[in-house]
Amino acid sequence: MNVQKICFIGLGYIGLPTASTFAMHGLKVLGVDINPHVINTLNKGGIHIHEPGLRDVVTKAIQSGNISFATQPEGADAFIIAVPTPFKKDERGEYQGETYKLADMSAVTSATEAIVPHLRPGNLVILESTSPPLTTLDLVKPILERSRLKAGVDFYLCYSPERVLPGQILQELIENARVVGGVTPESAKAGRDLYATFVKGEIIETDSTTAEMVKIMENTTRDVNIAIANEFSRLAEKFGVDVWEAISLANRHPRINILSPGPGVGGHCISVDPWFFVEAAPELTPLIYHARKVNDGQPHFVVKKVKQALGNLKNKKIAALGLAYKPDVDDLRESPATEVVHLLQQAGAHVKAWEPFKPDADMKGIDIATSFDAAIQDADLILLLVKHTEFKNLIPTEVALKTKARIVVDCVNSWNVASWKNAGFKLHRLGVNKPESKN
Ligand code: SAJ
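All of the points below concern the structure found in this document. (Residues numbered from 1 in each chain as written. Predicted model: local features only at pLDDT ≥ 70, side-chain atom pairs only at ≥ 80, totals over all residues. Heavy atoms only, no water.)

### Regarding the site of the ligand
- Around the ligand, a shell composed of 20 residues is seen, among which Glu162, Val164, Lys215, Arg222 and Tyr325 lie nearest.
- Here an oxygen atom of the ligand and a side-chain polar atom of Asn219 are 2.7 Å apart.
- A distance of 2.5 Å separates an oxygen atom of the ligand from a polar side-chain atom of Tyr325.
- Its free accessible area being 770 Å², the ligand has 85% of it covered by the protein chains.
- Its residues assigned to classes, the shell around the ligand comprises 9 nonpolar, 4 polar and 7 charged. (Near = heavy atom within 4 Å. Polar contact = N/O pair within 3.5 Å; in protein donor to acceptor, adjacent residues only side chain to side chain. Areas by Shrake-Rupley, 256 points an atom, 1.4 Å probe, with all protein chains shown as cover. Nonpolar A, V, L, I, M, F, W, Y, C, P; charged D, E, K, R; others polar.)

### Looking at the pairing of strand E3 (residues 67–70)
- Alternating residues of E3 divide into Ile67 and Phe69, all buried, and Ser68 and Ala70, none buried.
- As paired elements, strand E2 (residues 28–32) and E3 share 4 bridges and run parallel to each other. Looking at the pairing, Gly31 lines up with Phe69 of E3. (Buried < 20%, exposed > 50% of the residue type's maximum accessible area, 1.4 Å probe, protein only. Helix = DSSP H or I, 4+ residues; strand = E, 2+ residues; numbered from the N terminus. Pairing = 2+ DSSP bridges.)

### With respect to the side chain of Thr41
- With respect to the helices and strands, Thr41 occurs in helix H2 (residues 36–43).
- Residues within four places of Thr41 in sequence aside, it is in contact with Gly46, Ile47 and His48. (Contact = heavy atoms within 4.5 Å.)

### A word on the sheet that holds strand E11 (residues 317–321)
- In space, the 6 strands of this open sheet follow the order E13-E12-E11-E14-E15-E16, with parallel pairing throughout. The sheet is open, and its two edges are formed by strand E13 (367–368) and strand E16 (426–429), each paired on a single side.
- Here strand E15 (residues 407–410) runs beside E16; their pairing, made up of 4 bridges, is parallel. Within E16, the residue paired with Asp410 across the bridge is Arg429.
- Of the strands in this sheet, E11, strand E14 (381–384), E15 and E16 touch helix H11 (residues 286–310), which is tilted by about 155 degrees from E14. (Axes fitted to C-alpha atoms, helices over the stretch in contact; angles between N-to-C directions.)

### Focus: a nonpolar patch on the surface
- Taken together, the side chains of Ile228, Phe232, Leu235, Phe239 and Val241 make up a nonpolar region of the molecular surface, amounting to roughly 430 Å² of accessible area.
- Relative to the assigned elements, Leu235 resides in helix H8 (residues 208–239).
- For Leu235, a relative accessible area of 39% translates into the label partly exposed. (Patch = residues over 30% accessible without salt bridge, like charges linked within 9 Å, V, L, I, M, F, W, Y side chains within 5 Å. Salt bridge = Lys/Arg side-chain N within 4 Å of Asp/Glu carboxyl O.)

### Digging into the sheet that holds strand E7 (residues 124–127)
- Strands sit in the order E3-E2-E1-E4-E7-E8-E9-E10 across an open sheet of 8 strands; the sheet is mixed. Each of the sheet's edge strands pairs with one partner strand only, and the pair in question is E3 and strand E10 (203–207). For this sheet, the mean inter-axis angle between neighbouring strands, taken without regard to orientation, is 25 degrees.
- For strand E1 (residues 5–9) and E2, the ladder comprises 5 bridges, and the chain directions are parallel. Residue pairing in the sheet places Ile6 in a bridge with Val29 of E2.

### Describing the side chain of Lys326
- Within the fold, Lys326 resides in the loop between E11 and helix H12 (336–346).
- Reaching out from Lys326, the side chain makes a polar contact with the backbone oxygen of Pro166 at a distance of 3.3 Å.
- Residues within four places of Lys326 in sequence aside, it is in contact with Leu165, Pro166, Val386 and His388.

### What about the packing of aromatic side chains?
- Evaluation of the coordinates by the stated rule reveals 5 aromatic pairs.
- Between the aromatic rings of Phe22 and Tyr195, the centroid separation amounts to 6.1 Å while the plane-to-plane angle is 40 degrees, which identifies the pairing as tilted. Of this pair, Phe22 sits in helix H1 (residues 15–24) while Tyr195 sits in helix H7 (residues 185–195), and the two are 173 residues apart along the sequence.
- For Phe22, a relative accessible area of 0% translates into the label buried.
- Ring geometry for Trp415 and Trp420: centres 4.0 Å apart, planes at 25 degrees, overall stacked.
- Taken together, Phe22, Tyr195 and Phe198 form an aromatic cluster joined through their ring pairs.
- In this structure, Arg178 is placed above the aromatic ring of Tyr195, and the distance from its NZ or CZ to the ring centre is 4.0 Å.
- In this structure, Arg406 packs its charged tip against the face of Phe425, placed 5.3 Å from the ring centre. (Phe/Tyr/Trp six-rings, centres within 6.5 Å; stacked < 30°, edge-to-face > 60°. Lys NZ or Arg CZ within 6 Å of the ring centre and 35° of its normal.)

In structure tokens, the structure reads:
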């Protein structure tokens, strides 16, 4: 099919880069978001998301005259949905006494409903949002068929997951392989032709349910692999082993690639998506369930570590470095670092947090310092929670002049043991059960 105009619904971390990339490749794009603030910002030439290179791509897309923005969809040749699928905040499922999180599909439902009045024979509809298995067939298709058009007969319908890594979205969007799952082979072919506009990686056609499962399998595999690394960090502390050394030695095996332990797993993808499998089949997913529990429990392990370093936490002053969910991004969603801060406060500590990527973050219940220096000045302990390059490059002798703290806890193996020791600090590292200091 020949697509000239796309209506792109959802202008978040995935939607805005993808919609702009289509526009840069010559297609007419209407970018839709229900949030008027997002549309106003874009119409004024701003962007509401921090992602390397994104401002440039959006600006070029606007200058090309191919993209415009609105809060409501309108008729187009193709509709692409990239809205969030978080979990429900206040509701839980239960299986044999254990509770699990539930997918909130309300944004997908309303985005699909908004397309119905505009759907015409020959259109293509693609869902990109990470969704539980069978969403395309059981949720999206019946809503679209309220138009009296039949999916796979009168219009094409696909599921095609985004797989881009925050921090490298623009490059991965073009270079990564893309899976396109159709409700019919013709639908998959139509989806493939559309993505071929800019995707340089391989485009693989399959059915919609396989494509949905592929996406969740990818993120679940990563979650389980991080969980085992986190469990190794606990075991290493028990046996007096340095987990970082042990992992690097194990990874010399040609078929082993252990990931890194840390304060837990955050973000809107890996800490959420595995629950979609658990919700769909709790009786089949004990491993996935427990991996989630291990990763969600890791902030408690960090707090225990800090407590050991300080003796007790009551009224202790702690400088927390990093609140983002991972290195060198400004995204604080589902961040284990913020969870650690909350837990430390609950235990009676006074925490000042510093997040260089969001110095003006307004987080309920978290005291955000005005600068790095202000965060560490009066601290009893400095806690490194995120491996931002900026923190990695700190010079311990200079830090020593700015703080009265002489104890540091590194949860991400970022800091060089010898330099911190030589600058007079007692360094504790996650996954290593003895502090390292000069004396
Ligand atoms: N993390 C660790 N140890 C590691 C690696 C990561 O603790 O060894 C933590 C990070 O600090 C972070 C979390 O895991 O808190 C997730 O970070 P990430 O970099 O692994 O992944 P995301 O969430 O930024 O992006 C993932 C990617 N999926 C996979 O790598 C399988 C990306 O390709 C997906 O497109 C994205 O999820 C998504 O949108 O689903």
